Amino acid sequence: MSTLKPYWAYAKATFTVGLAYRLHILFWVLSDIVQVSVLLLIWTAIFNSSSASTIQGYTLGQMMIYNLVIYMTGSFAFMRPLWDLAEDHYDGKIAMSLIKPTKYLYEVFFRNLGNNFIGNLIISLPLVTVLVGVSLTMNTGVTYTVANVGLYVVSIILALVISFFSNFLFATMIFLTDATFGMMQLNEAVIKIFSGSMIPLTFFPGWLRAIAEILPYASVYSVPTLILIGRLNGMDLWSALGLQVAWAVGLVIVTNLVWNRIIERLKVHGG
Amino acid sequence: MIEVRHLSKSFVKYEKEKGLWGMIKGFVNAKKVITKAVDDLSFSIAKGEVIGYIGANGAGKSTTIKMLTGILTPSSGEVTVDGVIPYKDRITNARNIGVVFGQRTQLWWDLPLIESFTILKDIYQVSDADYTERMTLFNEILHINEFLKSPVRTLSLGQRMRADIAASLLHNPKILYLDEPTIGLDVNAKKNMREAIKKMNASFQTTVILTTHDLDDIEELCQRILIIDAGKLIYDGALSDIKTKYGSDCKVSFVLKEPWKDFVDLAKMMDVDPLSITVTLNDDKLEIGFDKRNLSVATVTATIMKHFEVSDLSIQETDIEAIVARIYREGHA
Ligand SMILES: Nc1ncnc2c1ncn2[C@@H]1O[C@H](COP(=O)(O)OP(=O)(O)OP(=O)(O)O)[C@@H](O)[C@H]1O
Ligand SMILES: [Mg+2]
């Protein structure tokens, strides 16, 4: 544990900074509430205008739960090293990280973990309470088994790792292209579309769905969500978890390799 | 402690032409420009030395520091710092060094200053006892307690710089790199900063490498200086040597009661080679430049006073500032 202690300091630092910006957090929560509410309203409208009571196998109640759970999942697995890299590279702040007795890649991981904890505190955990409350009082058509909750936790941890490393790997392109803002936009757009957080991937045409399910974004958002609400079972479940493990391991290895190459050629801005 | 052999660093820049069309063209074939920021540098530095590393803007000082600290990988050549190759073993090297870049900070901008110290304590795994002892010492030398509870972003430049120096020393590094640590400080703050550096060097035998454009820093702190120009080392030696080499230049200025009317052969009067002195005359102002090894200030003033009525006079010895300006200009020492 003592080798991790220096890194926890980074997590503690971003966590403390995050808490210092209470107003910022308030707006963050508000914007999230607005986004989720809009999605729920849209789905209600869609179901009301349709004669069928289920669409693609979802009832309205199940669709509502899907949206809440995928939102919670995204928040549990939220990691955006891209923002750290963009800022550190832009003004040369990375120099101050490279003189520390810690590895930059893992410094950024723990910095993100600190932020992630704040997100959990203000979004994920309240959402858990909402979900529990809703499930106890209403018939949503979703049942949670102990096994699914357990597997959800495992899947979330894998999602966290995939989320961080895939985003870091993507972000290394900043060092090669210097196109920070474009990268950020592209990144968010790709996540929105391929993660299943806009619509469940079952709504995609077959070929697109096949692609989306293989990409790491599904492993971060869609897979844990479907596990928790009991829509991944048997072979599908194990192959989805297997794919998560493969992504996690592969991305850790590749990101380390790529980053070690980049750091050798790094140009640090400012003198 | 520090060994540098034939160290070089080149930067490749892609120059884009002006305007929209230039940018579009730039996507396809931007002009490749190579800058040799550091060019075949060799020197070695012993434990406990305080080295002044100076040179004009863009000479390559910061680039050298970045290679010594392991931030940049050299294009060629070798560096070892306390037996470690910095860019190959960043983590070991990082434990040995403290770094202050005057225009950056390693403090957490949004947190009270004290938090930065506790975070750094964890990062460097400093024991509680060492931490308490060093924080007490830092306060004695750098007076940081008065703003320890203020968020870093509210500190004045001088306060922040003091805090940054303390932060760089928390793990008691063997080597301290200071890249323009007095930039933007007022006279008093500069004095305190120099005091602090001196005390740290004396108490811990810390090796210090200092880049600065303030030559008073150098005079106060450094026994030895390295001068770099266009990436090349042009001087490595004692500050006193360079002073005796160039410091014998002297200038005496007179204000004459009556303007100079007829030509007077001053060289002949003082019995020296006319080429060894410079004479400039502007209305009633007369300036005579000479080398103290050929001519004494006494002879010059006596001669002039004998022939002219003088209302004022002043003597300017060459200071380090002038010497360095001359070396930068000439590109060699
Ligand atoms: N990241 C970079 N990319 C391209 N060129 C660079 C980069 N960093 C430095 N240079 C170039 O290398 C040369 C040396 O720069 P450096 O910052 O080492 O100078 P310096 O001696 O520290 O100057 P100053 O006194 O102004 O701080 C300059 O010509 C600079 O333009
Ligand atoms: Mg510089």
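**Points about the overall build of chain B**
Each helix and strand in chain B was counted, giving 12 helices and 13 strands. For chain B, whose C-alpha radius of gyration is 26 Å, the value lies well above the compact-globule estimate of 20 Å for 333 residues. Partitioning the contacts of chain B with sequence separation of at least 6, the portion at a separation of at least 24 is 71%. Counting only carbon and sulfur atoms, one obtains 51% of the accessible surface of chain B, whose full area is about 16,200 Å². Taking the average place of the 42 positive charges on the side chains of chain B and the average place of its 46 negative ones, the gap between the two points comes to 6 Å.

**Description of the packing of helix α3 (residues 60–76) of chain A against helix α6 (residues 104–137) of chain A**
Residue and element names in this part refer to chain A. Viewed as axis vectors pointing N to C, α3 and α6 meet at an angle of 155 degrees, and their least axial separation amounts to 8 Å. The angle between α3 and α6 places the two elements in the roughly antiparallel class. Pair α3 / α6 crosses with left-handed handedness. Contacts between α3 and α6 involve I65, L68, V69, Y71, M72, S75 and F76 on the former and, on the latter, N116, G119, N120, I123, S124, L125, L127, V128, L131 and V134. Its residues assigned to classes, the contact of α3 with α6 shows 12 nonpolar, five polar and no charged.

**Side note on helix α6 (residues 157–169) of chain B**
Residue and element names in this part refer to chain B. Over its 13 residues, α6 extends 18 Å from the first C-alpha to the last, a length consistent with the 18 Å expected when each residue adds 1.5 Å. Within α6, 11 of the 13 residues are buried, which leaves it mostly tucked inside the rest of the structure. Among the residues of α6, those classed as buried are G158, R160, M161, R162, A163, D164, I165, A166, A167, S168 and L169. Check the buried side of α6 and you find it contacts β5 (97–101), α4 (113–123), α5 (128–142), β6 (175–179) and α7 (187–204).

**Details of unusual backbone geometry**
Residues and elements named next belong to chain B. Backbone geometry places Q125, a non-glycine residue, at a positive phi of 55 degrees. In this model, H143 sits at a positive phi of 50 degrees, which is unusual for a non-glycine residue. The residue H143 is located in the loop between α5 and α6 in this model. On the basis of relative accessibility, which here comes to 38%, the residue H143 falls in the partly exposed class.

**Thoughts on the pattern of salt bridges**
Scanning the entire structure with this criterion turns up 24 salt bridges over all chains. Beyond isolated ion pairs, a larger network of salt bridges with shared partners links D84, D88, E107 and R111 of chain A.

**What to know about the side chain of R224 of chain B**
All names here are of chain B. Along the chain, R224 falls in strand β8 (residues 224–229). On the basis of relative accessible area, R224 is assigned to the buried category, the value being 14%. A polar atom in the side chain of R224 sits 3.0 Å from the backbone oxygen of S44. Setting aside residues up to four positions removed in sequence, R224 forms contacts with F43, S44, I45, E49, V50, I51, G52, D236, G237 and A238.

**Side note on the environment of F164 of chain A**
All names here are of chain A. Checked against the element boundaries, F164 lands in helix α7 (residues 146–177). Along the sequence, F164 and Y7 sit 157 residues apart, while their C-alpha atoms lie 15 Å from each other. In contact with F164, not counting residues within four places along its chain, are M79, P81, L105, V108, F109 and N112.

**Section: the sheet that holds strand β11 (residues 278–282) of chain B**
Residue and element names in this part refer to chain B. Here we have four strands laid out as an open sheet, ordered β11-β12-β10-β13, and antiparallel in their pairing. The sheet terminates laterally at β11 and β13 (310–317), the two strands that pair on one side only. When the angles between neighbouring strand axes are averaged without regard to direction, this sheet yields 15 degrees. Where strand β10 (residues 249–256) and β13 come together, seven bridges link them in antiparallel fashion.

**Description of the environment of V126 of chain B**
Residue and element names in this part refer to chain B. Secondary-structure assignment places V126 in the loop between α4 and α5. As a C-alpha pair, V126 and L170 span 44 residues in sequence and 7.8 Å in three-dimensional space. Non-local contacts of V126, meaning those with residues more than four positions away in its chain, are made with K121, Y131, R134, L170 and H171.

Parameters at a glance
- Position labels on residues start from 1 in each chain and follow its written sequence.
- Each chain gets a letter, beginning with A, and each ligand a number, beginning with 1, in the order they are written.
- Totals for whole chains, interfaces and linings use all residues, but because this is a predicted model, local features are given only for residues with pLDDT of at least 70 and pairs of side-chain atoms are given and counted only at 80 or more.
- With hydrogens and water stripped out, all remaining heavy atoms of the structure feed into the side-chain values.
- A run of H or I in DSSP counts as a helix once it spans at least four residues, and a run of E counts as a strand once it spans at least two, with each numbered from the N terminus.
- The globule rule used here is 2.2 Å times the number of residues to the 0.38 power, and the radius of gyration it is set against is calculated over C-alpha atoms.
- Note on contacts: a residue pair qualifies if any of its non-hydrogen atoms lie within 4.5 Å across the two residues.
- Per-residue and other accessible areas follow the Shrake-Rupley method at a 1.4 Å probe size, with only the shown protein chains counted as cover for residues.
- Residues scored as charged are limited to Lys and Arg (positive) and Asp and Glu (negative), so that His and the chain ends carry no count.
- Where a charge lies is defined by one atom per residue type: Lys uses NZ, Arg uses CZ, Asp uses CG and Glu uses CD.
- Convention adopted: a line fitted to C-alpha atoms gives each axis, helices being fitted over their contacting stretch, and angles between N-to-C directions are expressed from 0 to 180 degrees.
- If an angle is under 35 degrees, it is roughly parallel; if it is over 145, roughly antiparallel; if it lies from 65 to 115, roughly perpendicular; otherwise it is oblique.
- Each crossing gets its hand from how the near helix is turned against the far one by less than a right angle, where anticlockwise is left-handed and clockwise is right-handed.
- Ten residue types, Ala, Val, Leu, Ile, Met, Phe, Trp, Tyr, Cys and Pro, are classed as nonpolar, four, Asp, Glu, Lys and Arg, as charged, and the remainder, Gly among them, as polar.
- In a helix, the anticipated span is given by 1.5 Å times the number of residues less one.
- Note on exposure labels: buried denotes an accessible area under 20% of the residue type's maximum, exposed denotes more than 50%, and partly exposed covers the range between, all computed with a 1.4 Å probe on protein chains only.
- Should a side-chain nitrogen of Lys or Arg be within 4 Å of a carboxyl oxygen of Asp or Glu, the pair is scored as a salt bridge.
- Polar contacts here mean pairs of N or O atoms no more than 3.5 Å apart (in protein, one a potential hydrogen donor and the other a potential acceptor; neighbouring residues in sequence count only if both atoms are side-chain atoms).
- Strand pairing is assigned whenever DSSP identifies at least 2 bridges connecting the two strands.

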